[in-house]
Amino acid sequence: MDITLNVNGRPEQFSAQPNELLVERLRDGLGLTGTKVGCDTGQCGSCVVRLDGRSVKSCLVLTASAAGGEIATIEGVTTRGGELSGLQEALRQEHGTQCGFCTPGMVMALGELVDATADGPAPTEPEIREWLTGNLCRCTGYHSVVRGVQRACAAHRDEVPAGSAASTAAAPEV
């Protein structure tokens with residue numbers, strides 16, 4: 001079946017099998033290997049992309065069901081000049097990237113949280129941790145990631161520059 005997607009702002013047209021997964025199309029068909037395949041069962045979150053602005057696990061989405069949609073992958077988050085997004089920079093500052101395997105999925109999922117709360121109160125630590133429920137980190141845990149999200153949200157509100165060395169948000173050790 002013929003499919004059209006808009007991926008990272010570029011129109012893509014291709015033929016896909018009815019059982020093709022979106023993660024397969026992104027990685028194998030379009031060469032966007034920043035989207036990772038971890039568990040291949042929707043449990044780890046390393047394959048998260050944004051489909052029409054919402055974070056989805058691309059290993060659970062059929063390519064055909066995304067037809068006509070707007071897809072954003074981790075490759076589309078970084079600027080053309082290679083600058084990190086505010087969330088990516090905040091995660092870097094707070095050492096929230098660890099080994100990096102889960103980072104693309106976390107950035108895509110948490111970016112939705114940062115965007116969704118931009119005009120309201122910043123998410124609380126429990127809210128951030130709840131948002132992280134679908135993203136597994138096999139390294140050390142989530143407190144650095146939580147601090148990174150808090151930093152990104154504060155920077156989004158012009159409270160703290162994302163690239164500043166001092167963090168005003170502290171998460172308790174877990």
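Residues numbered from 1 in each chain as written. Predicted model: local features only at pLDDT ≥ 70, side-chain atom pairs only at ≥ 80, totals over all residues. Heavy atoms only, no water.

- In the annotation of an unreviewed UniProt entry, the protein is listed under the name (2Fe-2S)-binding protein and assigned to Streptomyces erythrochromogenes.

Remarks on the packing of helix α2 (residues 86-93) against helix α5 (residues 143-156)
Here is step 1 of the chain: Here α2 crosses α5 at 135 degrees, and the two axes come no closer than 8 Å. Compared by their axis directions, α2 and α5 come out oblique. The interaxial crossing formed by α2 with α5 has right-handed handedness. Along the contact surface, α2 presents G86, L87, A90, L91 and Q93, while α5 presents V145, G148, V149, R151 and A152.
Here is step 2 of the chain: Its residues placed into classes, the contact of α2 with α5 shows six nonpolar, three polar and one charged. (Axes fitted to C-alpha atoms, helices over the stretch in contact; angles between N-to-C directions. Helix = DSSP H or I, 4+ residues; strand = E, 2+ residues; numbered from the N terminus. Parallel < 35°, antiparallel > 145°, perpendicular 65-115°, else oblique. Left-handed = near helix turned anticlockwise from the far one by under 90°. Contact = heavy atoms within 4.5 Å. Nonpolar A, V, L, I, M, F, W, Y, C, P; charged D, E, K, R; others polar.)

Digging into the state of the cysteines
Here is step 1 of the chain: One pass over the structure, following the stated rule, counts zero disulfides.
Here is step 2 of the chain: No disulfide involves C44; its sulfur sits 3.8 Å from the nearest other cysteine sulfur, which is in C39.
Here is step 3 of the chain: Between C47, a free cysteine, and C59, which holds the nearest cysteine sulfur, the sulfur-to-sulfur gap is 3.7 Å.
Here is step 4 of the chain: C47 sits in the buried class, given a relative accessible area of 3%. (Disulfide = S-S within 2.5 Å. Buried < 20%, exposed > 50% of the residue type's maximum accessible area, 1.4 Å probe, protein only.)

Notes on the packing of α2 against helix α3 (residues 103-116)
Here is step 1 of the chain: Their axes nearest at 10 Å, the elements α2 and α3 cross at an angle of 110 degrees. As summarised for this structure, α2 and α3 are arranged roughly perpendicular, according to the angle between their axes. Crossing of α2 against α3: the hand is right-handed. The residues of α3 that touch α2, namely those facing L87, Q88 and L91, are V107, L110, G111 and V114.
Here is step 2 of the chain: A class-by-class count of the residues in the contact of α2 with α3 yields five nonpolar, two polar and no charged.

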